[in-house]
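# Architecture and fold: a report
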Amino acid sequence: MGFDHEEVRGLLNCIRDGVFITDGEGNIVMLNKASEELSEFSEEQLIGQNVNELIKKGYFTENGDVSLKCIKSGKEESMIQKGRDEEQEITVTGVPLLENGRVKYVVVTERDVSEINRLEKELRKNKELIKEYSSQLEKYKRSENRRLKDIIYDSEAMENVISVSDSVAGKDITVLIQGESGTGKEVIANYIHNSSNRKDRPFIKVNCDAIPENLFESEFFGYEKGAFTGASEKGKEGLFELANGGTLFLDEIGIMPLHLQGKILRVLQNKEVIRVGSSKYIPVDVRIITATNTNLKDAVREGKFRLDLYYRLNVVPITIPPLRERREDIIPLARHFIEIYNRKFNSDLRIDKSGWDALYRYK
């Protein structure tokens with residue numbers, strides 16, 4: 001069953017997109033209501049008119065009619081046209097109907113994409129705002145976290161140190177903190193402990209460089225009464241026992257004598273100690289965090305540090321760069337220490353503009 005002209009036109013009017021049809025010469029033979037609304041010209045004004053003539057009259061823009069392109073190329077063509085104003089954009093697609101290799105009709109569909117474009121622009125703008133707000137929120141969180149952590153920094157390098165520290169704090173694994181003297185290795189060790197599930201248990205700090213070599217073993221493992229001349233009659237708990245359930249921070253681990261390194265390794269493996277002068281094993285649950293300002297790999301190559309202990313301690317390495325490599329931290333640190341000493345000495349010390357300018361230039 002075929003359709004007559006009026007039925008076809010009625011069907012086209014059911015389509016929300018604009019549709020108009022030209023013959024192979026560019027004469028408009030049919031259009032729907034949506035096309036009338038987009039062009040602002042009535043059916044009576046357009047039916048029977050040739051597209052070239054409409055372009056001359058200013059109804060259509062020059063080189064702006066897709067039907068002529070289809071007639072010329074004999075294939076589907078698409079383009080974007082401006083509508084009633086500069087804000088309106090219409091996507092236009094023409095599809096030729098061929099007969100014996102020649103274009104008999106061109107069916108053109110038109111869609112107003114102005115609202116879609118407007119929404120896309122708003123979406124992009126909103127995404128940019130969200131990105132900006134997220135960045136500001138992240139900056140605020142970092143600033144607030146720094147305040148709560150009592151670690152003063154503003155550099156990306158220290159942000160990375162804190163990020164790694166956060167990631168390992170809740171995991172009961174050994175950490176080796178490396179960095180020059182004064183970079184804050186103990187501060188980071190303390191931060192890791194306070195961020196872990198051991199925070200309510202002891203945090204025992206030991207500077208290995210301050211312990212005489214002949215006292216290493218008794219200090220670390222304790223001793224029984226009468227174990228040696230001068231030993232306390234009550235005996236003594238070692239550092240591992242004192243830190244039981246908590247964290248033992250061994251600073252300057254690189255200078256530890258080789259014979260004691262083997263015993264430290266056994267504690268890590270077996271989780272038990274033997275006091276000097278005793279044969280009884282004492283179980284201990286201690287997390288080890290170590291620090292050094294020397295290159296332990298060099299010490300291993302030189303035979304001054306055990307390779308097996310190095311690997312047990314270096315499960316998670318954290319390297320703190322010196323302040324000269326993170327100059328962004330100079331000004332916040334300067335402000336921090338000024339506040340501390342102002343409170344301590346009840347003073348009102350201030351840095352004048354030239355002083356801050358000098359710091360900024362150094363930064």
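Residues numbered from 1 in each chain as written. Predicted model: local features only at pLDDT ≥ 70, side-chain atom pairs only at ≥ 80, totals over all residues. Heavy atoms only, no water.

In the annotation of an unreviewed UniProt entry, the entry for the protein reads Sigma 54-interacting transcriptional regulator, and the organism field reads Candidatus Allocopromorpha excrementigallinarum.

A few words now on the nonpolar core. Phe220, Phe240, Leu248, Leu250, Ile264 and Phe305 are the most contacted members of the largest nonpolar core, which totals 32 residues. Secondary-structure elements contributing two or more residues to this core are β7 (203-207), α9 (216-221), α10 (239-242), β8 (247-251), α11 (258-270), α12 (296-301) and α13 (307-313). Top contributing element to this core by residue count: α11, with five residues. Those residues in contact with Phe220 that lie beyond four places of it in its chain are Val206, Cys208, Ile211, Gly238, Leu239, Phe240, Leu250, Met256, Leu260 and Ile264. One finds Phe203, Ile289, Ala291 and Val316 within the second-largest nonpolar core, a separate group that totals 20 residues. (Core = buried A, V, L, I, M, F, W, Y, C linked by side-chain atoms within 4.5 Å. Buried < 20%, exposed > 50% of the residue type's maximum accessible area, 1.4 Å probe, protein only. Helix = DSSP H or I, 4+ residues; strand = E, 2+ residues; numbered from the N terminus. Contact = heavy atoms within 4.5 Å.)

Our next topic: a nonpolar patch on the surface. Where nonpolar side chains cluster on the molecular surface, the patch consists of Val29, Leu97 and Tyr105 and spans about 240 Å² of accessible area. Position of Leu97 among the secondary structure elements: in strand β4 (residues 89-99). The exposure class of Leu97 is partly exposed, given its relative accessible area of 47%. (Patch = residues over 30% accessible without salt bridge, like charges linked within 9 Å, V, L, I, M, F, W, Y side chains within 5 Å. Areas by Shrake-Rupley, 256 points an atom, 1.4 Å probe, with all protein chains shown as cover. Salt bridge = Lys/Arg side-chain N within 4 Å of Asp/Glu carboxyl O.)

Now for the pattern of salt bridges. Inspection of every chain in the model, using the stated rule, returns 14 salt bridges. Across the pair Glu180 and Arg324 runs a salt bridge, and its minimum N-O distance is 2.6 Å. Separated by 144 residues along the polypeptide, Glu180 in the loop between β6 (175-178) and α8 (185-194) and Arg324 in the loop between β12 (316-319) and α14 (330-344) bring together distant segments of the chain. Note on Glu180: relative accessible area 37%, which makes it partly exposed.

Here α11 contains 13 residues, and its C-alpha end-to-end distance of 19 Å stays within 8% of the 18 Å for a straight helix at 1.5 Å per residue. Of the positions making up α11, those classed as buried are Leu260, Gln261, Gly262, Ile264, Leu265, Val267 and Leu268. Buried positions along α11 lie against α9, α10, β9 (272-274), β11 (287-292) and α13. (Expected span 1.5 Å × (residues − 1).)

A few words now on the side chain of Thr247. By secondary structure assignment, the location of Thr247 is in strand β8. One polar contact links Thr247 to His193, side chain to side chain, over a distance of 2.8 Å. Once residues within four sequence positions are removed from consideration, Thr247 is found in contact with His193, Arg198, Pro202, Phe203, Ile204, Val286, Arg287 and Ile289. (Polar contact = N/O pair within 3.5 Å; in protein donor to acceptor, adjacent residues only side chain to side chain.)

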